[in-house]
Amino acid sequence: MFPRLPRPLRYLLQILFVVGVTAIANFFLLKLVPGDLVDVIASENSGITPEHVAQLRQAYGLDQSVLAQLGYYLKSLLSLDLGYSFRYGEPVVDLILGRLPATLALIGAGLALSVALGVLLGVLAARRPHGLLDTLLSGLATAGYSAPMFWTALMLIVGFGVHLNWLPVGGIRDVGAAHQGWALWLDYARHLALPVATVAIYYVAIYARLSRASMIETLQEDYIRTARARGNGEARVIRRHALKNAILPVITMLGLQSSALLGGSIVVETVFAWPGLGQLSFEAIASRDVNLLLGILLMSAALVALMNIAVDACYGLLDPRVRKT
């Protein structure tokens, strides 16, 4: 798409296209869900009259046609206005920006740990395929991927939070302690440990198996045999020659897994009471706060688009052939 344009402008247009199509699709999908904000308000107030319900629908614009509501929503987006959260009584932008750092910290740390461990395990397993270490690592990785994420989270809470009492099991920091400086950052890290471990245990198997298969194939290439013939040690061959090419499928998978990672954060944030976008979206769904949910979905689409562009940039740095396209 947009092949003749300069790369930065092409990326910008791609982001706008993806976000725009996603915004329209999300709007229609949410309109298909039974019930709305006024229904939730009516269910919470048993004495509300039908006349009051009609007034609320008119005040919130829910008495208009779906196309009219879509037009108003798109007009607001063009002015960078995501609307107002009726449940929280705050602008949607303020709510999202307040929760976004926590989600980015969880996803960023979980992704970095998953890729690092996955590539390391994949390289170790590929050195002796079908050996004892390969079988052991593959089994552990598959077990971590097979377990549901919520079950892994609960087991970590029971093990490290309840029995061993090493790590906190919820929240982002200890609100009862007046930590400052490095003590505050250490408190954040302790609260982040179990959620990040949950994400990493689930996704490390994907990158381990992918990097293992790619490394086995790469080690059979002619240039690897040439590097070995020149007297290079096995560790140097892997580090200087094989790893750069073997890691390319892993980089590609990062872009494909970015949306799934955002979706998985809802489960992790809910279990650990992590104050991020995942928990906020769960609360928005429960309260039928359509404006807030549309804003979260729009921000998620933008994050996925940016993640894919970052992956393309990294791919170009690792593979010079991509830079010419």
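Residues numbered from 1 in each chain as written. Predicted model: local features only at pLDDT ≥ 70, side-chain atom pairs only at ≥ 80, totals over all residues. Heavy atoms only, no water.

## A word on empty space enclosed by the protein
What counts here: Using a grid of 1 Å spacing that covers the protein atoms alone, one calls a set of points a cavity when a 1.4 Å probe fits there but cannot get out, and a pocket when the set is open and has protein on both sides within 12 Å along at least five of seven lines; lining residues are those with an atom within 4 Å of a point. Grid points are joined across faces, edges and corners, and a volume is the space filled by probe spheres set on the points. Helix and strand definitions follow DSSP, with helices as H or I runs of at least four residues and strands as E runs of at least two, each counted in order from the N terminus. When residues are grouped by polarity, Ala, Val, Leu, Ile, Met, Phe, Trp, Tyr, Cys and Pro land in nonpolar, Asp, Glu, Lys and Arg in charged, and all others, Gly among them, in polar.
Tallied over the entire structure, the rule returns two cavities of 30 Å³ or more. Approximately 60 Å³ is the volume found for the largest cavity. If you trace the largest cavity, you find it lined by Leu121, Gly122, Ala125, Leu137, Ser138, Ala141, Ala208, Arg209 and Arg212. Contributions of two or more residues to the lining of the largest cavity are made by helix H5 (92-127), helix H6 (132-146) and helix H8 (182-218). Here the residues of the lining of the largest cavity sort into five nonpolar, two polar and two charged.

## Comments concerning the nonpolar core
To keep things clear, this is the line we draw: Buried Ala, Val, Leu, Ile, Met, Phe, Trp, Tyr and Cys residues form a nonpolar core when they are joined through side-chain atoms within 4.5 Å. Relative accessible area decides the class of each residue, using a 1.4 Å probe on protein chains only: under 20% of the type maximum gives buried, over 50% gives exposed, and in between gives partly exposed. Here, two residues are considered to be in contact whenever any of their heavy atoms come within 4.5 Å of each other.
With 64 residues, the main nonpolar core has Tyr73, Tyr207 and Met215 as its most contacted residues. For this core, the element with the highest residue contribution is H5, accounting for 12 residues. Once residues lying within four places of it in the same chain are set aside, the contact partners of Tyr207 are Leu111, Ser114, Val115, Gly118, Val250, Met253, Leu254 and Gln257. By size, the runner-up hydrophobic cluster in this structure holds six residues, among which are Val38, Ile41, Ile48 and Leu56.

## Brief notes about the environment of Asp81
Considering the arrangement of structural elements, one finds Asp81 in the loop between helix H4 (66-78) and strand S1 (84-85). When its relative accessible area of 38% is taken as the criterion, Asp81 is described as partly exposed. C-alpha of Asp81 to C-alpha of Pro91: the two residues are 10 residues apart in sequence and 8.8 Å apart in space.

## Topic: the side chain of Arg212
Mapped onto the secondary structure, Arg212 falls in helix H8. Setting aside anything within four residues of it in sequence, one finds Arg212 in contact with Gly122, Ala125, Ala126, Pro129, His130, Asp134 and Ser138.

## Considering the packing of H5 against helix H12 (residues 277-286)
For the record, the criterion: For helices, the axis comes from a line fit to the C-alpha atoms of the stretch in contact; other axes are also lines fit to C-alpha atoms, and the angle between any two N-to-C directions lies between 0 and 180 degrees. Working definition: roughly parallel below 35 degrees, roughly antiparallel above 145 degrees, roughly perpendicular at 65 to 115 degrees, and oblique for all remaining angles.
For the pair H5 and H12, the least separation of the axes is 8 Å and the interaxial angle reads 135°. When the axis of H5 is compared with that of H12, the two are oblique. On H12, the residues that touch Leu95, Ile96, Arg99, Leu100 and Thr103 of H5 are Leu277, Gly278, Gln279, Leu280 and Glu283. Residues that form the contact of H5 with H12 fall into these classes: five nonpolar, three polar and two charged.

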